[in-house]
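Per-entry structural report
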Amino acid sequence: MSYLHQFLFGIYPYIALAIFLLGSLSRFEREQYTWKSDSSQMLYTGNLRLGNNLFHLGVIGLFFGHLGGLLTPVWVWDALGVAHSTKQLIAMTAGGIFGSLGMLGLLILLHRRLTEPRIAAVTKKGDKVLLLWLLVTLGLGLSTIVESASHLDGHMMVLLMTWAQHIVTFRGDAADYIVAAPWLFKAHLFMGLSLFVIFPFTRLVHVWSGFASIGYLGRAWQLVRPR
């Protein structure tokens, strides 16, 4: 088990990130016509707007919450006078809100995709796998809030932060910090890391375009000249 733990949380993160980056680059270079969100709005609108807005609001909040929460050094929180227990409560509250929004939106989108005949007919196996993977990942993430409520001292949160920061700074002892973490946390980490693996092979690649669209803010106006 120690070898498996070291692989999953010490080596696998780098494999996942390599596939994420190189796979995305390869798809953009070789299959640009598949680089899209494959919207089904033209087939059936229904509750698409509601589910889409809830899902994206929740996921975007979770993404930046995890990014800032895990990668902000502990000494920054200490310098700001934020106790570890307080930081954990903030994370649990924000995670619960955004996670619930994302889960509700995902359930709406999943029900729509699987029950509407016209949409179900064009739904690929990869779409179903992606939606179910996101569902399980979100479910595990929400479950960790219940687990976290049993230890509000912030110790486990600091260990998870240290693990993430050691991963991104290429330190080989990262996996050692979460050896004693509950299985729910480890399962959530594995599912989350695996999203980076499947990312380049699904419609998730359109996320890159979302970040790239910020560049339009600095572009010159488009000039349309009459003949």
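The structure this text deals with has already been given above.
Bear in mind that the values here come from a model prediction, so they are computed numbers and not experimental data. (Residues numbered from 1 in each chain as written. Predicted model: local features only at pLDDT ≥ 70, side-chain atom pairs only at ≥ 80, totals over all residues. Heavy atoms only, no water.)

Now for the side chain of serine 194. Tracing the sequence through the fold places serine 194 in helix H8 (residues 183-198). Taking relative accessible area as the criterion, serine 194 reaches 4% and is therefore assigned buried. A distance of 2.9 Å separates a polar atom in the side chain of serine 194 from the backbone oxygen of phenylalanine 190. When neighbours within four sequence positions are excluded, serine 194 is seen to be in contact with Tyr12 and Trp133. (Helix = DSSP H or I, 4+ residues; strand = E, 2+ residues; numbered from the N terminus. Buried < 20%, exposed > 50% of the residue type's maximum accessible area, 1.4 Å probe, protein only. Polar contact = N/O pair within 3.5 Å; in protein donor to acceptor, adjacent residues only side chain to side chain. Contact = heavy atoms within 4.5 Å.)

In this structure, phenylalanine 170 is a non-glycine residue whose phi angle is positive, near 60°. Overall, phenylalanine 170 belongs to the exposed group, its relative accessible area being 66%.

For the coordinates displayed, the defined rule picks out 1 salt bridge. In this structure, arginine 203 engages aspartate 127 in a salt bridge whose closest nitrogen and oxygen atoms are separated by 3.1 Å. Of this pair, arginine 203 sits in the loop between H8 and helix H9 (206-212) while aspartate 127 sits in helix H6 (residues 125-148), and the two are 76 residues apart along the sequence. Aspartate 127 carries the same exposure label as arginine 203, and that label is buried. (Salt bridge = Lys/Arg side-chain N within 4 Å of Asp/Glu carboxyl O.)

The next point concerns H6. For H6, built from 24 residues, the straight-helix expectation of 34 Å at 1.5 Å per residue is met to within 8% by its first-to-last C-alpha distance of 35 Å. Listed as buried for H6 are Asp127, Leu130, Leu131, Leu134, Thr137, Leu138, Leu140, Gly141, Thr144 and Ser148. Here the buried face of H6 lies against helix H2 (48-71), helix H4 (84-115) and H8. (Expected span 1.5 Å × (residues − 1).)

Before going further, it helps to examine the nonpolar core. Within the largest apolar cluster, 18 residues are counted, with the highest numbers of intra-cluster contacts made by Phe9, Met156, Leu160, Trp163, Ile178, Ala181 and Leu189. The set of elements that each furnish at least two residues to this core consists of helix H1 (2-30), helix H7 (155-168) and H8. Sequence-distant contacts of phenylalanine 9, defined by excluding residues within four places in its chain, comprise Trp163, Ile167, Ala175, Ile178, Lys186, Leu189 and Phe190. Counting 17 residues, the second largest nonpolar core, distinct from the first, contains Trp35, Leu48, Met103 and Leu109. (Core = buried A, V, L, I, M, F, W, Y, C linked by side-chain atoms within 4.5 Å.)

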